[in-house]
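Read off the chains here:
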Amino acid sequence: MKLATDHIATDALRISRWVARARGGDIKAFEYLVSQQQSLVRSYLAKRTDYSADVDDLAQESFVLAWQKLTTLQDDAAFSGWLLSIAQNLLRNHHRKQARLAPTEPDLLAQLLDEQEQQHPDEQETELSLLRQCLLKLDHSAQKTLRLYYREGYSLQELREVMGVAHSTLTMRLNRYRKKLRDCINRGH
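Overview of the structure. Since this is a predicted model, take the numbers as computed values, not measurements.

**Topic: the overall build of the protein chain**
Link 1 in the chain: Check the secondary structure of the protein chain and you find 9 helices and 0 strands.
Link 2 in the chain: Start at the N end of the protein chain and walk to the C end: the helices and strands fall as α-α-α-α-α-α-α-α-α.
Link 3 in the chain: The burial tally for the protein chain puts 30% of its 189 residues in the buried class.
Link 4 in the chain: Taking the contacts inside the protein chain whose residues are at least 6 apart along the sequence as the reference set, 61% of them involve residues at least 24 apart.
Link 5 in the chain: Split by element, the accessible area of the protein chain, about 12,200 Å² in all, is 53% carbon and sulfur.

**Observations regarding helix 2 (residues 27-46)**
Residues lying three or four places apart along an α-helix face the same way, a consequence of the helix completing one turn every 3.6 residues.
Link 1 in the chain: For helix 2, spanning 20 residues, the distance from its first C-alpha to its last is 26 Å, which sits close to the expected 28 Å at 1.5 Å a residue.
Link 2 in the chain: The largest bend along helix 2 measures about 50° and falls at glutamine 37.
Link 3 in the chain: Three or more residues of helix 2 are buried, namely Ala29, Phe30, Leu33, Val34, Gln37, Val41, Tyr44 and Leu45.
Link 4 in the chain: Backbone nitrogen of lysine 28 and a side-chain oxygen of the N-cap are separated by 3.0 Å at the start of helix 2; the cap is aspartate 26.

**Details of the packing of helix 7 (residues 140-151) against helix 8 (residues 156-163)**
Link 1 in the chain: Closest axis-to-axis distance for the helix 7/helix 8 pair is 10 Å, and the angle between their directions is 150°. Of the two elements, helix 7 crosses helix 8, and the hand of that crossing is right-handed. In this structure, helix 7 uses Ser141, Thr145, Leu148 and Tyr149 to contact helix 8, whose residues at the interface are Leu156, Leu159, Val162 and Met163.
Link 2 in the chain: Split by residue class, the contact of helix 7 with helix 8 holds 6 nonpolar, 2 polar and no charged.

**Comments concerning the packing of aromatic side chains**
Link 1 in the chain: As enumerated under the stated definition, the model contains 3 aromatic pairs in all.
Link 2 in the chain: Aromatic pair phenylalanine 79 and tryptophan 82: ring centres 5.9 Å apart, planes at 45°, arrangement tilted. Of the two residues, phenylalanine 79 and tryptophan 82 both sit in helix 4 (residues 79-99), 3 residues apart, roughly one turn of that helix.
Link 3 in the chain: Residue classification places phenylalanine 79 among the buried residues on the basis of a relative accessible area of 0%.
Link 4 in the chain: On the accessibility criterion, tryptophan 82 (17% relative accessible area) is buried.

**Digging into helix 9 (residues 167-187)**
Link 1 in the chain: Along its 21 residues, helix 9 runs 30 Å from first to last C-alpha, staying within 8% of the 30 Å computed at 1.5 Å per residue.
Link 2 in the chain: For helix 9, the complete set of buried residues consists of His167, Ser168, Leu170, Thr171, Leu174, Asn175, Tyr177, Arg178, Leu181 and Cys184.

**A look at the environment of aspartate 76**
Link 1 in the chain: Mapped onto the secondary structure, aspartate 76 falls in the loop between helix 3 (52-68) and helix 4.
Link 2 in the chain: Sequence-wise, aspartate 76 and tryptophan 18 are 58 residues apart; in three dimensions their C-alpha atoms are separated by 8.7 Å.
Link 3 in the chain: Polar side-chain contacts of aspartate 76 include one of 2.8 Å to the side chain of arginine 23.

**What to know about the state of the cysteines**
Link 1 in the chain: Using the criterion set out here, one finds 1 disulfide in the structure.
Link 2 in the chain: Across the disulfide, cysteine 134 is cross-linked to cysteine 184 (sulfur-sulfur distance 2.0 Å). Linking cysteine 134 and cysteine 184, the disulfide has an S-S dihedral of approximately -85° and is accordingly described as left-handed. With cysteine 134 in helix 6 (residues 121-137) and cysteine 184 in helix 9, this residue pair connects regions lying 50 residues apart in the sequence.
Link 3 in the chain: Assessed through its relative accessible area of 2%, cysteine 134 is described here as buried.

Thresholds, definitions, all that
Residues numbered from 1 in each chain as written. Predicted model: local features only at pLDDT ≥ 70, side-chain atom pairs only at ≥ 80, totals over all residues. Heavy atoms only, no water. Helix = DSSP H or I, 4+ residues; strand = E, 2+ residues; numbered from the N terminus. Buried < 20%, exposed > 50% of the residue type's maximum accessible area, 1.4 Å probe, protein only. Contact = heavy atoms within 4.5 Å. Areas by Shrake-Rupley, 256 points an atom, 1.4 Å probe, with all protein chains shown as cover. Expected span 1.5 Å × (residues − 1). Bend = angle between axes of the 7 residues up to and from the residue. Polar contact = N/O pair within 3.5 Å; in protein donor to acceptor, adjacent residues only side chain to side chain. Axes fitted to C-alpha atoms, helices over the stretch in contact; angles between N-to-C directions. Left-handed = near helix turned anticlockwise from the far one by under 90°. Nonpolar A, V, L, I, M, F, W, Y, C, P; charged D, E, K, R; others polar. Phe/Tyr/Trp six-rings, centres within 6.5 Å; stacked < 30°, edge-to-face > 60°. Disulfide = S-S within 2.5 Å.

Written out as structure tokens, the structure is:
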């Protein structure tokens, strides 16, 4: 039992030294901490999300945020727990964002198309005209993202690769663009 306790104390002391160096601006020290903690953070996230791409993005975001907030860590030996709490908060935010992204689900899109078919042809044309006008009011990047996703049928993974952004960034952008379009259409211009 004493041997296990000594090993834990030695690990905590070693981590504390690396954290102190990283806090002083030593990027190599932080890279070492990332290499030592990466499997812990990734396994924590993998158990709590369905998509492996989300694990990669969330782990990366966790380490970036840890680097940015390293000066707020009060006990260097508590680095692992502190890092996991960052990952936990990011995961919680990610789950909230995912829950709000339901309009991209195939069943809901089919329902919206069915509703469109029940409208009179002149109502459809008016809404399509409004949609076109509202699309033109978006910036070029938003127009491109929406075109690739909705018109050309890119998956989120393919779109992430084309746009060069994290999954959470992409889904937030799509959500924001849809909201802008919906607000514009509801205003009638």
